[in-house]
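Structural overview for review
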Amino acid sequence: MEQTHVPHVLFLPFPAQGHIKPMLNLAELLSHEGFQVTFVNSDHNHDRLLHNIDISSFYNRFPKFQFRSIPDGLTPDHPRFGLYVIDLLCSTRAVSKPAFRELLISLKEEKGPFQLPTCIIADGIMCFAIDVAEEFEIPTITFRTFSAHCLWTYFHLSKLIEEGEVPFPDENLEKPISCIPGLENVLRRRDLPGICRFEKADDPVLQFFVKETSAFTRASGLILNTFNEIEAPMITRLGSFFNKIYPIGPLHALKSRINDNSSSSTSSNGNLWKEDKKCLKWLDSQPSKSVLYVSFGSVIKLTREQILEFWHGLINCGNSFLWVLRSDLIVGDASFGHLLMKLERDTKERGLIVSWAPQEHVLLHPAIGGFFTHSGWNSTLESIVAGVPMICWPKTGDQQVNSRCVSDVWNIGFDMKDICDRSMVEKLVRELMDNRRDQFMASSDKLSRLACDSIKEGGSSCINLEKLIQDIKSMSS
Ligand code: UDX
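Calculation notes
- Residues numbered from 1 in each chain as written.
- Predicted model: local features only at pLDDT ≥ 70, side-chain atom pairs only at ≥ 80, totals over all residues.
- Helix = DSSP H or I, 4+ residues; strand = E, 2+ residues; numbered from the N terminus.
- Rg over C-alpha atoms; globule rule 2.2 N^0.38 Å.
- Buried ≥ 20, exposed ≤ 12 C-beta atoms within 10 Å, placed from the backbone.
- Contact = placed C-beta atoms within 7 Å.
- Domains from an automatic or database assignment.
- Near = placed C-beta within 6 Å.
- Nonpolar A, V, L, I, M, F, W, Y, C, P; charged D, E, K, R; others polar.
- Pairing = 2+ DSSP bridges.
- Axes fitted to C-alpha atoms, helices over the stretch in contact; angles between N-to-C directions.
- Core = buried A, V, L, I, M, F, W, Y, C linked by C-beta atoms within 7 Å.

Here's the deal with the overall build of the chain
- On a plain count of helices and strands, the chain comes out with 19 helices and 13 strands.
- Its C-alpha radius of gyration of 22 Å places the chain within 12% of the 23 Å reference for a compact globule of 477 residues.
- Counting only C-alpha atoms and orienting by the principal axes, one finds that the chain spans roughly 65 × 55 × 50 Å.
- Going through the 477 residues of the chain one by one, you find that 46% of them count as buried.
- A fraction of 71% describes how many contacts in the chain between residues 6 or more apart in sequence connect residues 24 or more apart.

Structural notes on the domain arrangement of the chain
- Per the domain assignment, the segments making up the chain are domain 1 (8-267 + 454-475) and domain 2 (278-452).
- On the domain 2 side, the residues contacting the 32 residues of domain 1 number 30 residues.
- Contributing elements (two or more residues each) for the side of domain 1 that touches domain 2: helix H1 (17-32), helix H6 (148-154), helix H9 (228-238) and helix H10 (251-259).
- If you tally residues by element for the side of domain 1 that touches domain 2, the top one is H1, at four residues.

Details of the site of the ligand
- In the vicinity of the ligand, 25 residues are found, and the nearest of them are Gly18, Gly297, Gln359, Gly376 and Ser379.
- Looking at the shell around the ligand, the elements that each hand over two or more residues are H1, helix H14 (359-364) and helix H15 (377-386).
- Of the residues contributing to the shell around the ligand, the split by class is seven nonpolar, 14 polar and four charged.
- When residues are assigned to domains, the shell around the ligand turns out to be shared by domain 1 (8-267 + 454-475) and domain 2 (278-452), each giving three or more.

Considering the sheet that holds strand S11 (residues 368-373)
- Read from one edge of the open sheet, six strands run S10-S9-S8-S11-S12-S13, paired in parallel fashion. Taken across any chain shown, the strands that pair with only one partner, and hence form the sheet edges, are strand S10 (351-354) and strand S13 (413-415). Ignoring which end each strand starts from, the neighbouring axes of this sheet average 15 degrees apart.
- Bridge count for strand S12 (residues 390-392) against S13 is three bridges, and the pairing is parallel. Residue pairing in the sheet places Ile391 in a bridge with Phe414 of S13.

Quick notes on the environment of Gly221
- As for its placement among the helices and strands, Gly221 is situated in the loop between helix H8 (204-215) and strand S6 (222-224).
- For Gly221, a count of 20 C-beta atoms within 10 Å corresponds to the buried category.
- The sequence separation of Gly221 and Asn243 amounts to 22 residues, and the corresponding C-alpha distance is 6.5 Å.
- Ignoring sequence-local partners within four residues, the contact set of Gly221 consists of Ile141, Phe242, Lys244, Ile245 and Tyr246.

Considering the sheet that holds strand S1 (residues 8-12)
- Strand order across the open sheet formed by seven strands is S3-S2-S1-S4-S5-S6-S7, with parallel pairing between neighbours. Unpaired on one side and paired on the other, strand S3 (65-70) and strand S7 (245-247) mark the two borders of the sheet. Between one strand and the next, the sheet's axes are offset by a mean angle of 20 degrees, whatever the strand orientation.
- Here strand S4 (residues 119-123) pairs with strand S5 (residues 140-144) via four bridges, running parallel. Across the sheet, Ala122 pairs through a bridge with Thr142, a residue of S5.
- Against the sheet, helix H4 (residues 85-109) engages S1, strand S2 (36-42) and S3, with an angle of about 140 degrees to S3.

Notes on the environment of Arg430
- Summarising the element assignment, Arg430 is placed in helix H17 (residues 422-435).
- For the pair Arg430 and Leu314, spaced 116 residues apart in sequence, the C-alpha to C-alpha distance is 9.8 Å.
- Ignoring anything within four residues of it in the chain, the contact list for Arg430 reads Cys317 and Asn435.

Details of the environment of Ile141
- Along the polypeptide, Ile141 turns up in strand S5.
- Put simply, Ile141 and Gln359 are 218 residues apart on the chain and 29 Å apart in space, counted from C-alpha to C-alpha.
- Excluding anything up to four places from it in sequence, Ile141 contacts Cys119, Ile121, Ala219, Ser220, Gly221 and Ile223.

Some thoughts on the nonpolar core
- Formed by 128 residues in total, the largest nonpolar core has its most connected members in Phe11, Ala129 and Leu322.
- For this core, the element with the highest residue contribution is H1, accounting for seven residues.
- If near-sequence neighbours (up to four positions away) are discounted, Ala129 is found in contact with Leu12, Phe100, Ile120, Ala122 and Thr140.

This is how it looks when you write it as C-alpha coordinates:
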(Lines give C-alpha, C1' and ligand atoms only; values in the text may rest on other atoms or scores of the structure.)
Protein backbone atom coordinates (compact mmCIF):
# COMPACT_ATOMS: atom_id res chain seq x y z
CA MET A 1 0.00 0.00 0.00
CA GLU A 2 1.27 3.47 -0.87
CA GLN A 3 1.86 5.58 2.22
CA THR A 4 2.26 9.29 2.67
CA HIS A 5 3.50 11.00 5.81
CA VAL A 6 0.57 13.39 5.91
CA PRO A 7 -2.31 11.13 6.94
CA HIS A 8 -5.23 10.97 4.55
CA VAL A 9 -8.54 10.13 6.20
CA LEU A 10 -11.59 9.17 4.20
CA PHE A 11 -15.00 9.71 5.82
CA LEU A 12 -18.07 7.72 4.82
CA PRO A 13 -21.24 8.85 6.65
CA PHE A 14 -24.63 7.20 6.34
CA PRO A 15 -26.56 9.45 3.94
CA ALA A 16 -28.66 11.35 6.49
CA GLN A 17 -28.37 14.79 8.07
CA GLY A 18 -27.85 13.55 11.64
CA HIS A 19 -24.92 11.39 10.48
CA ILE A 20 -23.29 13.82 8.05
CA LYS A 21 -23.15 16.73 10.48
CA PRO A 22 -21.07 15.22 13.32
CA MET A 23 -18.78 13.40 10.87
CA LEU A 24 -18.17 16.59 8.91
CA ASN A 25 -17.35 18.37 12.16
CA LEU A 26 -14.69 15.76 12.87
CA ALA A 27 -13.45 15.89 9.27
CA GLU A 28 -12.92 19.65 9.57
CA LEU A 29 -11.12 19.24 12.89
CA LEU A 30 -8.73 16.70 11.33
CA SER A 31 -8.21 18.88 8.29
CA HIS A 32 -7.41 21.76 10.65
CA GLU A 33 -4.70 19.48 12.12
CA GLY A 34 -3.12 19.25 8.66
CA PHE A 35 -4.61 15.89 7.61
CA GLN A 36 -5.82 15.33 4.09
CA VAL A 37 -9.50 14.57 4.12
CA THR A 38 -11.84 13.00 1.59
CA PHE A 39 -15.49 13.28 2.59
CA VAL A 40 -17.81 10.95 0.67
CA ASN A 41 -21.51 11.75 0.47
CA SER A 42 -24.24 10.15 -1.56
CA ASP A 43 -24.79 11.92 -4.89
CA HIS A 44 -28.20 12.89 -3.56
CA ASN A 45 -26.78 14.72 -0.53
CA HIS A 46 -23.60 16.00 -2.19
CA ASP A 47 -25.40 18.70 -4.17
CA ARG A 48 -27.63 19.68 -1.26
CA LEU A 49 -24.68 20.05 1.10
CA LEU A 50 -22.51 22.00 -1.33
CA HIS A 51 -25.43 24.27 -2.07
CA ASN A 52 -25.25 25.42 1.56
CA ILE A 53 -21.48 25.95 1.70
CA ASP A 54 -19.44 28.80 0.25
CA ILE A 55 -17.22 26.20 -1.36
CA SER A 56 -14.35 28.41 -2.52
CA SER A 57 -13.86 29.97 0.91
CA PHE A 58 -14.25 26.50 2.44
CA TYR A 59 -11.42 25.13 0.27
CA ASN A 60 -9.33 28.22 1.07
CA ARG A 61 -9.76 27.44 4.72
CA PHE A 62 -9.25 23.68 4.30
CA PRO A 63 -6.93 23.27 1.28
CA LYS A 64 -6.35 19.59 1.99
CA PHE A 65 -10.06 18.71 1.89
CA GLN A 66 -12.08 17.21 -0.94
CA PHE A 67 -15.71 16.20 -1.25
CA ARG A 68 -16.52 13.15 -3.37
CA SER A 69 -19.78 11.32 -3.95
CA ILE A 70 -21.18 7.90 -4.77
CA PRO A 71 -24.75 6.83 -5.64
CA ASP A 72 -27.15 5.55 -3.00
CA GLY A 73 -29.11 3.68 -5.66
CA LEU A 74 -32.43 5.49 -5.18
CA THR A 75 -34.20 7.98 -7.42
CA PRO A 76 -34.05 11.65 -6.32
CA ASP A 77 -37.73 11.69 -5.30
CA HIS A 78 -37.56 8.49 -3.20
CA PRO A 79 -38.59 9.31 0.42
CA ARG A 80 -35.64 7.29 1.84
CA PHE A 81 -36.75 7.41 5.52
CA GLY A 82 -39.66 6.36 7.71
CA LEU A 83 -41.33 3.27 6.26
CA TYR A 84 -38.98 3.40 3.29
CA VAL A 85 -35.68 3.31 5.17
CA ILE A 86 -35.22 -0.38 4.35
CA ASP A 87 -34.86 0.62 0.65
CA LEU A 88 -32.00 2.95 1.59
CA LEU A 89 -30.34 0.38 3.86
CA CYS A 90 -30.47 -2.28 1.12
CA SER A 91 -29.45 -0.02 -1.73
CA THR A 92 -26.37 1.26 0.11
CA ARG A 93 -25.21 -2.39 0.18
CA ALA A 94 -26.18 -3.17 -3.38
CA VAL A 95 -25.13 0.08 -5.07
CA SER A 96 -22.93 2.17 -2.77
CA LYS A 97 -20.63 -0.73 -1.84
CA PRO A 98 -19.34 -1.42 -5.40
CA ALA A 99 -19.24 2.34 -6.06
CA PHE A 100 -17.13 2.78 -2.92
CA ARG A 101 -14.73 0.09 -4.16
CA GLU A 102 -14.48 1.92 -7.49
CA LEU A 103 -13.74 5.16 -5.65
CA LEU A 104 -10.86 3.52 -3.76
CA ILE A 105 -9.51 2.07 -7.01
CA SER A 106 -9.58 5.54 -8.55
CA LEU A 107 -7.78 7.00 -5.51
CA LYS A 108 -5.15 4.26 -5.79
CA GLU A 109 -4.48 5.29 -9.37
CA GLU A 110 -4.36 9.00 -8.62
CA LYS A 111 -1.07 10.85 -8.92
CA GLY A 112 -2.18 13.97 -6.99
CA PRO A 113 -2.33 14.50 -3.22
CA PHE A 114 -5.45 12.39 -2.63
CA GLN A 115 -4.17 8.85 -3.02
CA LEU A 116 -5.34 5.79 -1.07
CA PRO A 117 -6.39 6.83 2.43
CA THR A 118 -4.34 5.98 5.51
CA CYS A 119 -7.51 5.24 7.36
CA ILE A 120 -11.26 5.13 6.73
CA ILE A 121 -13.72 6.54 9.26
CA ALA A 122 -16.97 4.84 8.35
CA ASP A 123 -20.41 5.21 9.83
CA GLY A 124 -21.40 2.35 12.13
CA ILE A 125 -24.25 1.49 9.76
CA MET A 126 -22.08 1.44 6.64
CA CYS A 127 -20.15 -1.70 7.61
CA PHE A 128 -19.67 -2.69 3.99
CA ALA A 129 -16.87 -0.11 4.15
CA ILE A 130 -14.94 -2.45 6.47
CA ASP A 131 -15.14 -5.29 3.90
CA VAL A 132 -13.97 -3.03 1.09
CA ALA A 133 -11.24 -1.43 3.22
CA GLU A 134 -9.89 -4.90 4.05
CA GLU A 135 -9.48 -5.62 0.33
CA PHE A 136 -7.16 -2.60 0.18
CA GLU A 137 -5.55 -3.31 3.58
CA ILE A 138 -6.75 0.00 4.96
CA PRO A 139 -7.69 0.18 8.66
CA THR A 140 -11.20 1.33 9.50
CA ILE A 141 -12.39 3.21 12.56
CA THR A 142 -16.13 3.18 13.03
CA PHE A 143 -18.14 6.27 13.97
CA ARG A 144 -21.48 5.67 15.66
CA THR A 145 -23.71 8.73 15.87
CA PHE A 146 -25.79 7.36 18.78
CA SER A 147 -25.38 7.95 22.50
CA ALA A 148 -23.37 5.29 24.36
CA HIS A 149 -26.53 4.35 26.30
CA CYS A 150 -28.34 3.58 23.07
CA LEU A 151 -25.42 1.82 21.44
CA TRP A 152 -25.09 -0.45 24.49
CA THR A 153 -28.81 -1.24 24.13
CA TYR A 154 -28.32 -2.11 20.44
CA PHE A 155 -25.64 -4.61 21.45
CA HIS A 156 -28.39 -6.44 23.36
CA LEU A 157 -30.92 -6.68 20.52
CA SER A 158 -30.26 -10.41 20.01
CA LYS A 159 -30.60 -11.03 23.73
CA LEU A 160 -33.83 -9.03 23.86
CA ILE A 161 -35.22 -11.13 21.00
CA GLU A 162 -34.01 -14.42 22.59
CA GLU A 163 -35.66 -13.54 25.90
CA GLY A 164 -38.94 -12.68 24.19
CA GLU A 165 -38.76 -9.01 25.18
CA VAL A 166 -38.67 -7.91 21.54
CA PRO A 167 -40.84 -7.41 19.61
CA PHE A 168 -43.30 -6.34 22.27
CA PRO A 169 -47.05 -5.87 22.08
CA ASP A 170 -48.50 -2.43 22.62
CA GLU A 171 -49.35 -3.25 26.21
CA ASN A 172 -47.66 -3.18 29.59
CA LEU A 173 -45.28 -0.56 28.26
CA GLU A 174 -44.09 0.19 31.80
CA LYS A 175 -42.56 -3.29 32.17
CA PRO A 176 -38.90 -2.90 33.29
CA ILE A 177 -36.24 -4.40 31.03
CA SER A 178 -33.85 -6.41 33.15
CA CYS A 179 -31.53 -8.12 30.64
CA ILE A 180 -29.27 -5.16 29.77
CA PRO A 181 -26.51 -4.88 32.39
CA GLY A 182 -26.19 -1.38 33.77
CA LEU A 183 -29.59 -0.27 32.51
CA GLU A 184 -31.77 -2.50 34.72
CA ASN A 185 -33.18 0.47 36.59
CA VAL A 186 -33.40 2.75 33.60
CA LEU A 187 -35.24 1.16 30.69
CA ARG A 188 -38.85 0.08 30.39
CA ARG A 189 -40.39 -1.50 27.30
CA ARG A 190 -41.44 1.88 26.02
CA ASP A 191 -37.84 3.15 26.27
CA LEU A 192 -36.40 0.52 23.95
CA PRO A 193 -35.19 1.77 20.53
CA GLY A 194 -37.87 2.38 17.90
CA ILE A 195 -36.82 -0.71 15.92
CA CYS A 196 -37.97 -2.92 18.82
CA ARG A 197 -41.57 -1.96 18.03
CA PHE A 198 -41.75 -3.95 14.80
CA GLU A 199 -44.32 -6.71 14.84
CA LYS A 200 -41.97 -9.58 14.03
CA ALA A 201 -38.49 -10.52 15.22
CA ASP A 202 -37.52 -11.24 11.62
CA ASP A 203 -38.46 -7.75 10.45
CA PRO A 204 -35.77 -6.79 7.90
CA VAL A 205 -34.95 -3.45 9.55
CA LEU A 206 -34.57 -5.03 13.01
CA GLN A 207 -32.46 -7.84 11.55
CA PHE A 208 -30.36 -5.34 9.63
CA PHE A 209 -29.39 -3.62 12.88
CA VAL A 210 -28.75 -6.90 14.72
CA LYS A 211 -26.25 -7.88 12.01
CA GLU A 212 -24.73 -4.45 11.53
CA THR A 213 -24.13 -3.97 15.26
CA SER A 214 -22.13 -7.15 15.47
CA ALA A 215 -20.31 -6.44 12.16
CA PHE A 216 -18.90 -3.08 13.12
CA THR A 217 -16.94 -4.51 16.06
CA ARG A 218 -14.41 -5.61 13.40
CA ALA A 219 -13.27 -2.00 13.12
CA SER A 220 -10.04 -1.06 14.86
CA GLY A 221 -11.71 1.56 17.05
CA LEU A 222 -14.97 3.29 17.88
CA ILE A 223 -15.57 7.05 17.76
CA LEU A 224 -18.50 8.36 19.78
CA ASN A 225 -19.98 11.84 19.74
CA THR A 226 -20.32 11.93 23.51
CA PHE A 227 -18.19 12.82 26.52
CA ASN A 228 -16.96 10.77 29.44
CA GLU A 229 -18.56 12.91 32.13
CA ILE A 230 -22.08 12.13 30.89
CA GLU A 231 -21.84 8.47 29.84
CA ALA A 232 -18.72 6.97 31.44
CA PRO A 233 -20.36 3.73 32.69
CA MET A 234 -21.77 2.89 29.24
CA ILE A 235 -18.55 3.87 27.46
CA THR A 236 -16.64 1.53 29.78
CA ARG A 237 -19.05 -1.31 29.04
CA LEU A 238 -18.62 -0.77 25.29
CA GLY A 239 -14.93 -1.44 25.93
CA SER A 240 -15.85 -5.15 25.93
CA PHE A 241 -16.35 -4.86 22.14
CA PHE A 242 -13.65 -2.39 21.15
CA ASN A 243 -10.00 -2.07 22.14
CA LYS A 244 -10.06 1.63 21.46
CA ILE A 245 -12.91 4.02 22.11
CA TYR A 246 -12.70 7.72 21.41
CA PRO A 247 -15.48 9.72 23.10
CA ILE A 248 -14.79 13.10 21.48
CA GLY A 249 -18.07 14.98 21.78
CA PRO A 250 -19.88 17.22 21.74
CA LEU A 251 -18.28 17.59 18.32
CA HIS A 252 -20.23 20.69 17.27
CA ALA A 253 -18.83 22.50 20.32
CA LEU A 254 -15.33 21.13 19.79
CA LYS A 255 -15.40 22.28 16.18
CA SER A 256 -16.64 25.73 17.11
CA ARG A 257 -13.30 26.22 18.85
CA ILE A 258 -11.48 26.26 15.50
CA ASN A 259 -13.96 28.86 14.24
CA ASP A 260 -13.23 31.32 17.01
CA ASN A 261 -10.62 33.30 15.15
CA SER A 262 -12.16 33.17 11.73
CA SER A 263 -15.37 33.97 9.94
CA SER A 264 -17.88 31.15 10.42
CA SER A 265 -18.71 31.33 6.70
CA THR A 266 -15.43 29.60 5.92
CA SER A 267 -16.52 26.54 7.82
CA SER A 268 -19.50 24.36 6.89
CA ASN A 269 -22.61 24.04 8.97
CA GLY A 270 -23.19 20.57 7.57
CA ASN A 271 -26.76 21.43 6.63
CA LEU A 272 -28.74 19.82 3.83
CA TRP A 273 -31.48 22.45 4.18
CA LYS A 274 -31.14 26.20 3.83
CA GLU A 275 -31.24 27.92 7.21
CA ASP A 276 -33.85 30.61 7.73
CA LYS A 277 -31.84 33.14 9.73
CA LYS A 278 -34.65 35.64 10.24
CA CYS A 279 -35.69 33.74 13.35
CA LEU A 280 -32.53 34.96 15.14
CA LYS A 281 -33.68 38.55 14.65
CA TRP A 282 -37.12 37.64 15.96
CA LEU A 283 -35.51 36.00 19.01
CA ASP A 284 -33.58 39.23 19.68
CA SER A 285 -36.93 40.91 20.36
CA GLN A 286 -38.09 38.31 22.88
CA PRO A 287 -37.52 38.42 26.67
CA SER A 288 -34.85 36.25 28.24
CA LYS A 289 -35.71 32.51 28.46
CA SER A 290 -39.27 33.13 27.31
CA VAL A 291 -39.34 31.15 24.04
CA LEU A 292 -39.83 27.42 23.53
CA TYR A 293 -37.91 26.08 20.51
CA VAL A 294 -39.71 23.21 18.76
CA SER A 295 -38.00 20.93 16.24
CA PHE A 296 -38.18 17.24 15.38
CA GLY A 297 -34.93 16.87 13.46
CA SER A 298 -34.38 15.93 9.85
CA VAL A 299 -35.88 12.51 9.36
CA ILE A 300 -39.12 11.86 11.18
CA LYS A 301 -42.49 12.37 9.57
CA LEU A 302 -45.64 13.55 11.33
CA THR A 303 -49.31 13.19 10.54
CA ARG A 304 -51.60 16.18 10.11
CA GLU A 305 -53.34 15.16 13.37
CA GLN A 306 -50.07 15.12 15.32
CA ILE A 307 -49.10 18.56 14.00
CA LEU A 308 -52.47 19.93 15.06
CA GLU A 309 -52.25 18.40 18.55
CA PHE A 310 -48.83 20.01 19.03
CA TRP A 311 -50.01 23.33 17.64
CA HIS A 312 -53.07 23.51 19.93
CA GLY A 313 -50.95 22.52 22.94
CA LEU A 314 -48.41 25.22 22.11
CA ILE A 315 -51.07 27.90 21.60
CA ASN A 316 -52.88 26.94 24.82
CA CYS A 317 -49.80 27.04 27.06
CA GLY A 318 -49.38 30.78 26.60
CA ASN A 319 -45.63 30.83 25.88
CA SER A 320 -43.99 32.12 22.72
CA PHE A 321 -42.50 29.50 20.46
CA LEU A 322 -40.27 29.05 17.44
CA TRP A 323 -41.25 25.93 15.47
CA VAL A 324 -39.38 24.21 12.65
CA LEU A 325 -41.84 22.63 10.23
CA ARG A 326 -39.86 21.05 7.38
CA SER A 327 -41.56 21.02 3.99
CA ASP A 328 -41.24 17.20 3.89
CA LEU A 329 -42.61 16.65 7.41
CA ILE A 330 -45.80 15.04 6.13
CA VAL A 331 -45.60 12.31 3.48
CA GLY A 332 -48.04 12.27 0.61
CA ASP A 333 -50.32 15.07 1.81
CA ALA A 334 -50.79 17.51 -1.01
CA SER A 335 -52.65 19.93 1.25
CA PHE A 336 -49.75 20.30 3.73
CA GLY A 337 -48.85 23.62 2.09
CA HIS A 338 -52.30 25.00 2.94
CA LEU A 339 -52.11 23.74 6.52
CA LEU A 340 -48.70 25.36 6.88
CA MET A 341 -49.96 28.71 5.61
CA LYS A 342 -52.89 28.56 8.00
CA LEU A 343 -50.64 27.69 10.96
CA GLU A 344 -48.21 30.47 10.05
CA ARG A 345 -51.06 32.98 9.91
CA ASP A 346 -52.67 31.81 13.16
CA THR A 347 -49.35 31.68 15.00
CA LYS A 348 -48.19 35.23 14.24
CA GLU A 349 -49.22 36.69 17.59
CA ARG A 350 -47.43 34.07 19.57
CA GLY A 351 -44.57 32.68 17.60
CA LEU A 352 -42.72 31.97 14.41
CA ILE A 353 -42.69 28.97 12.08
CA VAL A 354 -39.65 28.36 9.87
CA SER A 355 -38.72 25.51 7.53
CA TRP A 356 -35.15 25.05 8.86
CA ALA A 357 -33.47 26.98 11.66
CA PRO A 358 -29.81 27.64 12.48
CA GLN A 359 -30.41 25.30 15.44
CA GLU A 360 -27.07 25.53 17.23
CA HIS A 361 -27.35 29.35 17.29
CA VAL A 362 -31.02 29.25 18.24
CA LEU A 363 -30.35 27.03 21.26
CA LEU A 364 -27.59 29.36 22.43
CA HIS A 365 -29.81 32.44 22.12
CA PRO A 366 -30.66 34.04 25.50
CA ALA A 367 -34.39 34.16 24.60
CA ILE A 368 -34.66 30.35 24.49
CA GLY A 369 -35.98 28.79 27.70
CA GLY A 370 -36.81 25.25 26.58
CA PHE A 371 -36.56 22.78 23.70
CA PHE A 372 -39.42 20.55 22.55
CA THR A 373 -37.44 17.89 20.69
CA HIS A 374 -37.61 14.42 19.12
CA SER A 375 -34.43 13.54 21.08
CA GLY A 376 -32.11 12.96 18.15
CA TRP A 377 -28.64 12.63 19.61
CA ASN A 378 -27.24 15.75 17.90
CA SER A 379 -30.17 17.84 19.11
CA THR A 380 -29.80 16.43 22.62
CA LEU A 381 -26.10 17.31 22.74
CA GLU A 382 -26.72 20.78 21.30
CA SER A 383 -29.33 21.41 24.00
CA ILE A 384 -27.04 20.09 26.74
CA VAL A 385 -24.19 22.39 25.65
CA ALA A 386 -26.58 25.36 25.61
CA GLY A 387 -27.96 24.42 29.04
CA VAL A 388 -31.54 24.31 27.70
CA PRO A 389 -33.96 21.87 29.40
CA MET A 390 -36.08 19.64 27.15
CA ILE A 391 -39.49 18.12 26.56
CA CYS A 392 -38.90 14.95 24.58
CA TRP A 393 -41.20 13.32 22.06
CA PRO A 394 -39.10 10.48 20.62
CA LYS A 395 -40.26 8.63 17.55
CA THR A 396 -37.68 6.22 16.19
CA GLY A 397 -34.13 4.82 16.28
CA ASP A 398 -32.12 5.88 19.29
CA GLN A 399 -34.55 8.60 20.37
CA GLN A 400 -36.53 6.54 22.91
CA VAL A 401 -33.37 5.71 24.86
CA ASN A 402 -32.08 9.30 24.71
CA SER A 403 -35.35 10.74 25.98
CA ARG A 404 -35.36 8.33 28.93
CA CYS A 405 -31.84 9.47 29.85
CA VAL A 406 -32.90 13.13 29.62
CA SER A 407 -35.69 12.58 32.13
CA ASP A 408 -34.45 9.81 34.41
CA VAL A 409 -30.65 9.75 34.22
CA TRP A 410 -29.69 13.41 33.73
CA ASN A 411 -32.85 15.07 35.07
CA ILE A 412 -32.84 17.82 32.45
CA GLY A 413 -36.38 17.55 31.15
CA PHE A 414 -39.56 15.55 30.57
CA ASP A 415 -40.06 12.46 28.47
CA MET A 416 -43.49 12.58 26.81
CA LYS A 417 -42.79 9.28 25.04
CA ASP A 418 -45.72 7.86 23.10
CA ILE A 419 -48.23 10.47 24.13
CA CYS A 420 -49.25 13.08 21.61
CA ASP A 421 -52.11 15.22 22.83
CA ARG A 422 -52.63 18.90 23.29
CA SER A 423 -53.35 18.81 27.02
CA MET A 424 -50.11 16.93 27.73
CA VAL A 425 -48.12 19.39 25.60
CA GLU A 426 -49.72 22.32 27.43
CA LYS A 427 -49.09 20.81 30.87
CA LEU A 428 -45.43 19.94 30.23
CA VAL A 429 -44.60 23.27 28.62
CA ARG A 430 -46.01 25.11 31.65
CA GLU A 431 -44.03 22.84 33.99
CA LEU A 432 -40.79 23.26 32.04
CA MET A 433 -41.02 26.99 31.39
CA ASP A 434 -42.54 28.03 34.76
CA ASN A 435 -43.30 25.70 37.67
CA ARG A 436 -40.21 23.47 37.60
CA ARG A 437 -37.91 25.79 35.75
CA ASP A 438 -35.41 26.27 38.61
CA GLN A 439 -35.04 22.54 39.20
CA PHE A 440 -34.31 21.81 35.53
CA MET A 441 -32.11 24.87 35.08
CA ALA A 442 -29.85 23.76 37.95
CA SER A 443 -29.17 20.33 36.39
CA SER A 444 -28.98 21.71 32.84
CA ASP A 445 -26.42 24.33 33.88
CA LYS A 446 -24.33 21.69 35.60
CA LEU A 447 -24.33 19.38 32.59
CA SER A 448 -23.60 22.26 30.24
CA ARG A 449 -20.51 23.14 32.31
CA LEU A 450 -19.31 19.52 32.18
CA ALA A 451 -19.83 19.41 28.39
CA CYS A 452 -17.96 22.67 27.87
CA ASP A 453 -15.12 21.59 30.17
CA SER A 454 -14.71 18.32 28.27
CA ILE A 455 -13.78 20.18 25.06
CA LYS A 456 -11.39 22.64 26.70
CA GLU A 457 -7.61 22.13 26.63
CA GLY A 458 -6.99 19.21 29.01
CA GLY A 459 -10.69 18.19 28.98
CA SER A 460 -11.59 14.53 28.39
CA SER A 461 -12.86 14.91 24.80
CA CYS A 462 -9.92 17.10 23.87
CA ILE A 463 -7.50 14.47 25.19
CA ASN A 464 -9.39 11.70 23.36
CA LEU A 465 -9.29 13.65 20.09
CA GLU A 466 -5.53 14.01 20.52
CA LYS A 467 -5.28 10.22 21.02
CA LEU A 468 -7.27 9.66 17.84
CA ILE A 469 -5.00 12.05 15.94
CA GLN A 470 -1.87 10.30 17.23
CA ASP A 471 -3.28 6.84 16.45
CA ILE A 472 -4.07 7.87 12.87
CA LYS A 473 -0.62 9.44 12.51
CA SER A 474 0.95 6.20 13.67
CA MET A 475 -0.93 4.37 10.89
CA SER A 476 0.81 6.51 8.26
CA SER A 477 4.36 6.37 9.64
C1 UDX B 1 -31.02 10.92 13.35
C2 UDX B 1 -31.22 10.38 14.77
O3 UDX B 1 -32.42 10.79 15.34
C4 UDX B 1 -30.04 10.71 15.63
O5 UDX B 1 -30.25 10.41 16.97
C6 UDX B 1 -28.89 9.95 15.07
O7 UDX B 1 -27.77 10.05 15.88
C8 UDX B 1 -28.64 10.51 13.70
O9 UDX B 1 -29.80 10.35 12.89
P10 UDX B 1 -32.04 13.41 13.24
O11 UDX B 1 -33.35 12.78 13.46
O12 UDX B 1 -31.90 14.30 12.11
O13 UDX B 1 -30.88 12.33 13.25
O14 UDX B 1 -31.77 14.27 14.58
P15 UDX B 1 -30.51 14.89 15.23
O16 UDX B 1 -29.51 13.87 15.63
O17 UDX B 1 -31.00 15.74 16.31
O18 UDX B 1 -29.83 15.76 14.09
C19 UDX B 1 -30.46 16.84 13.48
C20 UDX B 1 -29.43 17.91 13.18
O21 UDX B 1 -30.04 18.85 12.31
C22 UDX B 1 -28.95 18.65 14.41
O23 UDX B 1 -27.56 18.80 14.37
C24 UDX B 1 -29.64 20.01 14.32
O25 UDX B 1 -28.87 21.09 14.79
C26 UDX B 1 -29.85 20.16 12.83
N27 UDX B 1 -31.04 20.98 12.58
C28 UDX B 1 -32.29 20.50 12.79
C29 UDX B 1 -30.85 22.27 12.14
O30 UDX B 1 -29.71 22.73 11.97
N31 UDX B 1 -31.95 23.03 11.90
C32 UDX B 1 -33.21 22.58 12.08
O33 UDX B 1 -34.14 23.34 11.81
C34 UDX B 1 -33.39 21.26 12.54
